[in-house]
Amino acid sequence: MSDVPHMSAAEFRRQGHAVIDWIADYHERLESFPVLSQVGPGDVRAALPADPPEVGEPFADVLADIETRILPGVTHWQHPSFFAYFPANVSGPSILGDLLAAGLGVQGMLWATSPAATELETHVLDWLATLLDLPDRFRSDGAGGGVIQHSASDAALVALLAALHRVTDGRSEHEGVAGGRFAVYTSEQTHSSVAKACRIAGLGSDSLRLVDTDPRTLRARPDRLRALIDADRTAGVVPVLVVASIGTTGVGAVDPVAELAAIAHEAGAWLHVDAAWAGVAAVVPELHWLNDGLDAADSYATNPHKWLLTNFDCDAFWVADRTALVGALSILPEYLRNAATDSGAVVDYRDWQVPLGRRFRALKLWAVIRCYGGEGLRAHVRKHVALAAEFATWVRTDDRFELVAPPSLSLVTFRLRAGDDATRALMDAVNGSGEMYLTHTVVDGTTALRLAIGSPWTEQRHVRAAWELLRARA
Ligand SMILES: *Cc1c(COP(=O)(O)O)cnc(C)c1O
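Please read these numbers as outputs of a predicted model, since none were measured by experiment.

K.L.:
Can you lay out the sheet that holds strand E4 (residues 238–245) for me, pointing to particular residues and giving the numbers?
P.N.:
With respect to topology, 7 strands assemble into an open sheet ordered E1-E7-E6-E5-E4-E2-E3, the strand pairing being mixed. In this open sheet, the two strands that pair with only one neighbour each are strand E1 (145–149) and strand E3 (208–211). Strand-to-strand twist across the sheet, computed as the mean angle between neighbouring axes with direction ignored, equals 20°. Of the pairings in the sheet, the one linking strand E6 (residues 299–302) to strand E7 (residues 315–319) comprises 4 bridges and is antiparallel in character. Paired with Thr302 across the strands is Ala316, a residue of E7.

K.L.:
Outline the packing of helix H6 (residues 152–167) against helix H12 (residues 322–329), supporting the account with residue identities and numerical values.
P.N.:
Here H6 crosses H12 at 95°, and the two axes come no closer than 8 Å. What the angle tells us is that H6 and H12 run roughly perpendicular. Together, Val158, Leu161, Ala162, His165 and Arg166 of H6 and Ala324, Leu325, Gly327, Ala328 and Leu329 of H12 make up the contact between the two elements. Taken together, the residues that form the contact of H6 with H12 break down as 7 nonpolar, 2 polar and 1 charged.

K.L.:
An account of the pattern of salt bridges is requested, with residue identities and associated values reported.
P.N.:
Taken as a whole and judged by the stated rule, the model has 25 salt bridges. Here Glu11 and Arg14 are joined by a salt bridge, their closest N and O atoms 2.5 Å apart. Taken together, the residues span about one helical turn, with Glu11 and Arg14 both in helix H1 (residues 9–28) at a distance of 3 residues. Of the residues examined, Glu11 reaches a relative accessible area of 22% and is grouped as partly exposed. Note that Arg417 is salt-bridged to Glu402, the shortest N-O span being 3.1 Å. With a gap of 15 residues between them, Arg417 in the loop between strand E9 (411–416) and helix H15 (420–432) and Glu402 in strand E8 (residues 401–403) connect regions that are remote in the sequence. Looking at Arg417, the relative accessible area reads 53%, which means it is exposed. Counted as one network, the salt bridges with shared partners bring together Asp98, Asp313, Arg359, Arg361 and Lys364.

About the criteria used
Residues numbered from 1 in each chain as written. Predicted model: local features only at pLDDT ≥ 70, side-chain atom pairs only at ≥ 80, totals over all residues. Heavy atoms only, no water. Pairing = 2+ DSSP bridges. Helix = DSSP H or I, 4+ residues; strand = E, 2+ residues; numbered from the N terminus. Axes fitted to C-alpha atoms, helices over the stretch in contact; angles between N-to-C directions. Parallel < 35°, antiparallel > 145°, perpendicular 65-115°, else oblique. Contact = heavy atoms within 4.5 Å. Nonpolar A, V, L, I, M, F, W, Y, C, P; charged D, E, K, R; others polar. Salt bridge = Lys/Arg side-chain N within 4 Å of Asp/Glu carboxyl O. Buried < 20%, exposed > 50% of the residue type's maximum accessible area, 1.4 Å probe, protein only.

Okay, here's the thing in C-alpha cells:
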C-alpha cells in the first residue's frame, strides 16, 4: 500500500504563507474588482473539470485556480463600495482567529470535548455583554448566559423551542405541537427567519401573526399586538413567542421593546429580541438607547458577523434564564455521558443549539475584541454611522431623490421620486457598472434602495463616489 499523501509540515508552512500573502494582497486590490460578480448562471461550473482528480495535485494549483476560476464568480463583500444587504465584514484578527480554530480542529460539542472551547465562549460572550452594556440578566454568573449560534435564524428557532418548552411545561418535546394551538407574533417588518422558525418547529406558518406597524416609523404597534393576543386567547390559542426587532432588515426600524415585552409577559409568552445587524452598535455609549427594554427580554441576539468585524458565522445569543433552552434541546445518549456533564458543574453547549457539533468560534471573536479593544470597536461603528448621516444629507439636496425613512445607524433608505420603475432601473444601472453594489426593499408598497455601509475599507470617498454615480445614472 502506498503512503497517504498528507501535506508535510514544511509544505503546510510554505503554502500557508502563500495563502496569507494572497489574502493580504486581495484586500489591498479589492478596488480593482467589480463589486458584484458579473458571471452568469453556470459560468463558474463550466470553468471546472467535470471529474475529481485521481492523483493529488499541488496546493499551489488550487491557489492559482482561486485567482482564475473562482474570483470571477465572487461578489466582493469586503469591497469598500459594497453597500448591499447588511455587511458581513471581516478583519485581520478575526481571519487569524478562525484559522487558529481550523488548525486546532476541535469539535466543542461538550465541555469535556475541549474545555477551552466552551469556557472561552462563555467568557467572551460575557465580555461582549459588557461592551454592549446589556442587562446583567444575560450574563453567565446568574441564571442566564450567552452562546454563539450559527446565525440569527438559529437564534430565533431556539428561542421558539425554548418558549414552547416553557409554555407547555416541557410537554412540547414529547407530545409535539399540533397546528392551530399556538401562536407567534411579530411585525410585518420582521426578518423572514421568524416565519421559517414557525415552519421548522412544526407550528406551521399559519401560527404566525403579523403585527401592524406605525406607517411613519415602521415600529410594531403595541395596541395591535394586544388585540391579536386577546383574540387568540379568546379562541383558546396559546401565545408562545413575541419577536421584537431592533433594526429591521428593510429600514432599520426599532420596535418599542419594553411595551411589547409587557404585553407578551402578561400573556405568558416569551419575548425574543432580534437585533442581528443593529445590536452591536450599542458598543457606542450614544447608541445605548438601542438596548431600551432589553431588561424585560427573555432572549436577545445580535450578529458580530454582520457589522462587528468577525467572520461569518458568529451570532451572539443570550438568554435571561437558560432552564427552558436547555430543557428544550438537551438529549443525553449514553455515548456522550461523561463525569463533567454528570457533575452539573459545566456548560455543554450542544444543549443550547440545534446541531450536536460545533466549531471553536469563540477564538475569532476573542481575537477581534482583544485586538480592537472597546475603543477600536467604537471608532469602527461611529465611522460608519457618520458616513451614512453624510450620505443622507446629500440625498436631501437633490430634488429627484427622497429619503424613505430617516437614516438608521449606517443604513440609508431612499428612492427616486419618479417611482418604482425608475428606482429599480437606477439600481440595475449602478450594480451593473461594477463600481458599487446596493440592494432594495419595499416600503409601503413602493420600491426603495438601501445603502448599508459596513466594509472596514469604506472611506468617505467611496460613499461620495456612490452618490455621484447614483446622481449620474438617475
Ligand atoms: C440578517 C438578519 C437576520 C438573519 O441573519 P442570519 O444570521 O443570516 O440568520 C435576522 N434578522 C435581522 C434583523 C437581520 O438583519
